[in-house]
Amino acid sequence: MLIFRHLIRRAFSTTSSTQTHLKNQSLQPKTFFNRVRGDRDPIVNRLCKDRRYTEAVRILCEQKRLKEAVEILDHHVKQSYSSLYTSLLLLCIQKRGLKEGSVVHRHMKGLEEEPGVFLCNRVVEMYAKCGSMELARKVFDEMRERDLCSWNVLVSGYAYAGMLDEARQVFDEMGDRDSFSWTAMISGYARSGRGVDALELFRLMQCVEGCRSNKFTVSSVISAAACCACLNSGKEIHGHIIRAGLDSDEVVWSSLSDLYGKCGSLEQARYIFNKALGKDVVSWTAMIDRYFGEGRREEGYQLFSNLMESRVKPNDFTFAGVLNACAGHAAEDIGKQVHGYMMRVGFDLSSFAASALVHMYSKCGNMTNAKRVLHETKWLDLVSWTSLINGYAQNGQPEEALQSFELLLETGIRPDHVTFVAVLSACTHAGLVDKGLEYFESIKEKYGLTYTGDHYACVLDMLARSGRFKEAEDIINKIPMKPNKFLWASVLGGCRIHGNIDLAARAAEALFEIEPENPATYITLANIYATAGKWGEVSNIRKIMQDRGLTKKPGMSWIKIKREVHVFLIGDTSHPMFKEICDYLGELSKKMREEGYVPDTKAVLHDVEEEQKEQNITYHSEKLAVAFGLIVTPPGTSLKIYKNLRTCVDCHSALKFISKISKRRLVVRDSNRFHCFEEGRCSCKDYW
């Protein structure tokens, strides 16, 4: 307080000369820059001191300093300058400065001279692009004179804002229209997913004499055709482009390639892609993704290889697309090459491409690399953490999955519903039912999230696997949404493990209604009946499948040896080493029986002699693939086998014995998860 009083006395005990000096200073203009920017803007300060405010505003506009420019205008400019208003309004549009634009508009109205059509159009455009269509329309309605540009700006503003009915009303009221008018309306329809309306309007445009479409028009209408997957319309537009001489524009070619790709005509899309000159990274990435989207991954990988040889540098979207394709097909060798290329050319460790790397390694079963990439990442996001947690869960490492979840919580990142699916999956595969139920309760109680169908499916899977069917049925009866196919499939899988025929029949009936064409449901139910010795029920199911034209998806396994993929199917004798493989399996079977192996024939869907059943399961595809790998690789080499279906109980048991006898590490990725067999044990602890 004493210091404050001292400062007050000191401030007011000035000499007369100081008072005179202050009085003289007060005559100088107190501009915004005197108060804020000081000596950092000597030119602007000097202009303001010389009362050359319009020049100061022009310089500030050139420097993109909108707020300061508008403040000087508002406080010091007393005359109307059309060019000055134009510069300010353009800057407001660029910076989406609605507040500053309103000040400029108010300044214009406060002067005696009424602004002309050109300036009023700029004001309408400013309000429209700054998101205030209400004010834009108000200015438009107040204009005494309008030109074609006035109407175009309003139509474009409504269309850009998604207010298509209002845009069309103004469009229909127009006396004259040019290509901009039509393009604004067509692009508005295309952006909003109203492709049919856009195509119809484009056809009307072609009937207007003297109205020529430009590259922006055709790009918009191409997007509309792609939106509604209308290949015939797309071909018509393509022909129009060639006739109109617009086929030299890169944007148009890129749009055409996108059109053919979305309409399923990949060859035509590739033709357009190859013909385009000066292809940018967006064009390359889109074409690569189209191949992956259509399941033509070899061509996708080859095109990515071509991109690496070009002068165009891939971006994060390119890397993420290729890595996700590698993850989907467990192509770790290609994923590693992509990773190496990313390291050589340099990529942002905080980007989502790093998250895609974690996801790829997790899906390929290489959790060591997944963890290393995660910890090298500068910015650990939720997607990366969730990929790691899910990877551990799928690879039979539930303890590491739950530990990673706790580490995620320590970072302060809030988990979402996808993260909890991974956590519940880890608990399911580990048999941690009570722990999983705690996590399930916390989703709503602790984190305030809404339960999804995936959450319920995980919990029911967890309860059914552990044989707690009473609790599972209670949840089914109380679930607030209609149970989906994943939920019922989880229940049916648990019934298969524990032989719960009644609940299995209920789950199967629900699945028959949801997806009657899925043979997996019929096969699983038949397996349950076969295990219980109900051969009459098995025959009924087989007849239903036959009547409906359904066939069991053949089991297929594959292994990559020296960059060559070897595929095996049950009963397929086409492999050149088939006889050697069968002989090796016969010798291996004898050793397995000596170790205590007993074939599990319960799931054989034929009422035949036990010896025939054993013969049927001896040559399952994963056993053929493993036997081949053991023959052609040196002792001690780890093998990685992939299967398109869930591995059966007998094969799972057999592979444990094979890993012990051969002293090999066998990794099998089936349709559900990874199994790591080593020294007679599996990473899933027989809980899968």
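Residues numbered from 1 in each chain as written. Predicted model: local features only at pLDDT ≥ 70, side-chain atom pairs only at ≥ 80, totals over all residues. Heavy atoms only, no water.

## Digging into the confidence of the model for the protein
A low pLDDT means the predicted coordinates there should not be read in detail.
Part 1: This prediction gives the protein a mean pLDDT of 85; 91% of its residues lie at or above 70.
Part 2: When the criterion is pLDDT under 50, residues 1–40 qualifies, and its contacts beyond four places in sequence or with other chains add up to 31 contacts.
Part 3: In the predicted structure, residues 605–613 sits below a pLDDT of 50 and forms 16 contacts with residues beyond four places in sequence or in another chain. (pLDDT = per-residue confidence, 0-100. Contact = heavy atoms within 4.5 Å.)

## Structural notes on the pattern of salt bridges
Part 1: Per the counting criterion, the structure on display carries 32 salt bridges.
Part 2: For the salt bridge of K129 with E125, the shortest nitrogen-to-oxygen distance reads 3.0 Å. A residue pair is termed a helical-turn pair when its members lie 3 or 4 positions apart in one helix, as K129 and E125 do in helix α9 (residues 117–129) at 4 residues.
Part 3: For K129, a relative accessible area of 37% gives the class partly exposed.
Part 4: Note that K640 is salt-bridged to E332, the shortest N-O span being 3.1 Å. You can see K640 sitting in strand β3 (residues 639–643) and its partner E332 sitting in helix α22 (residues 332–345), a full 308 residues away along the chain. (Salt bridge = Lys/Arg side-chain N within 4 Å of Asp/Glu carboxyl O. Helix = DSSP H or I, 4+ residues; strand = E, 2+ residues; numbered from the N terminus. Buried < 20%, exposed > 50% of the residue type's maximum accessible area, 1.4 Å probe, protein only.)

## Some thoughts on helix α4 (residues 42–49)
Part 1: Within α4, the full set of buried residues consists of V44, N45, L47 and C48. Looking straight down α4, one finds its buried side chains confined to an arc of 165°; they lie on one side.
Part 2: Of the residues trailing α4, R51 is marked for its positive phi of about 60°. (Arc of directions from axis to C-beta.)

## Description of the UniProt feature "repeat: PPR" (unreviewed entry) in the protein
Part 1: In the numbering adopted here, UniProt assigns the feature "repeat: PPR" (unreviewed entry) to residues 116–146, 147–181, 280–314, 381–415 and 518–552.
Part 2: Annotated as 74% helix and 0% strand, the span residues 280–314 places its first and last C-alpha atoms 9 Å apart.
Part 3: In this annotation, residues 518–552 is assigned 74% helix and 0% strand; the end-to-end C-alpha distance for the span is 9 Å. (UniProt positions renumbered as here; feature names shortened; annotations may be inferred.)

## A few points about the domain arrangement of the protein
Part 1: What the domain assignment reports for the protein is domain 1 (56–176), domain 2 (454–548) and domain 3 (556–682).
Part 2: Computed over C-alpha atoms, the centres of domain 1 and domain 3 are 74 Å apart. (Domains from an automatic or database assignment.)

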